[in-house]
Amino acid sequence: MPTLHALGQGSRRFPTLRASLPGATPRALTLALKDLDGAGLVQRRVTDDYPPATVYRLTRRGRSLSPILERLAA
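Notes on the structure in this doc start here. Please read all numbers here as calculations on a predicted model, not as lab measurements.

Each value, and the rule that gives it
Residues numbered from 1 in each chain as written. Predicted model: local features only at pLDDT ≥ 70, side-chain atom pairs only at ≥ 80, totals over all residues. Heavy atoms only, no water. Helix = DSSP H or I, 4+ residues; strand = E, 2+ residues; numbered from the N terminus. Rg over C-alpha atoms; globule rule 2.2 N^0.38 Å. Buried < 20%, exposed > 50% of the residue type's maximum accessible area, 1.4 Å probe, protein only. Patch = residues over 30% accessible without salt bridge, like charges linked within 9 Å, V, L, I, M, F, W, Y side chains within 5 Å. Areas by Shrake-Rupley, 256 points an atom, 1.4 Å probe, with all protein chains shown as cover. Salt bridge = Lys/Arg side-chain N within 4 Å of Asp/Glu carboxyl O. Lys, Arg positive; Asp, Glu negative; His and termini not counted. Charge placed at Lys NZ, Arg CZ, Asp CG, Glu CD. Pairing = 2+ DSSP bridges. Contact = heavy atoms within 4.5 Å. Axes fitted to C-alpha atoms, helices over the stretch in contact; angles between N-to-C directions.

1. Observations regarding the overall build of the protein chain
From N to C terminus, the protein chain includes 5 helices and 3 strands. Its C-alpha radius of gyration of 12 Å places the protein chain within 12% of the 11 Å reference for a compact globule of 74 residues. Taken over the C-alpha atoms alone, the protein chain extends approximately 40 × 25 × 20 Å along its principal axes. For the protein chain, buried positions account for 28% of its 74 residues.

2. What about a positive patch on the surface?
A surface patch of positive charge is lined by Arg 45, Arg 57, Arg 60 and Arg 63. Considering the arrangement of structural elements, one finds Arg 57 in strand E3 (residues 54–58).

3. Things to note about the pairing of E3
Two elements, strand E1 (residues 12–13) and E3, share 2 bridges in a ladder whose sense is antiparallel. Bridging from a neighbouring strand, Arg 12 pairs with Tyr 56 of E3. Direction of pairing for strand E2 (residues 42–46) relative to E3: antiparallel, over a ladder of 5 bridges. Bridge assignment links Arg 45 to a residue of E3, and that residue is Val 55.

4. Details of the sheet that holds E2
One open sheet accounts for 3 strands, arranged E1-E3-E2; its pairing is antiparallel. Each end of this open sheet is capped by a strand with a single partner; those strands are E1 and E2. In this fold helix H3 (residues 26–38) packs onto E2 and E3, with an angle of close to 110° to the strand it touches most, E2.

Right, dumping it as structure tokens:
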């Protein structure tokens, strides 16, 4: 849930997302993002830049959970 809440602020690259979740290890964040991608809540996109960057954002289904997560965070 913290990962979904952090992505509710908008698209983020992995290092920015990791900085917003200070208690999460890189491995835990990677596994969470893979699970959320598999569940259809997060979309992973690799940019054409050099060097390539990976950007994560909520899908429509993931955005539908944002109001609930905002209430839980308050």
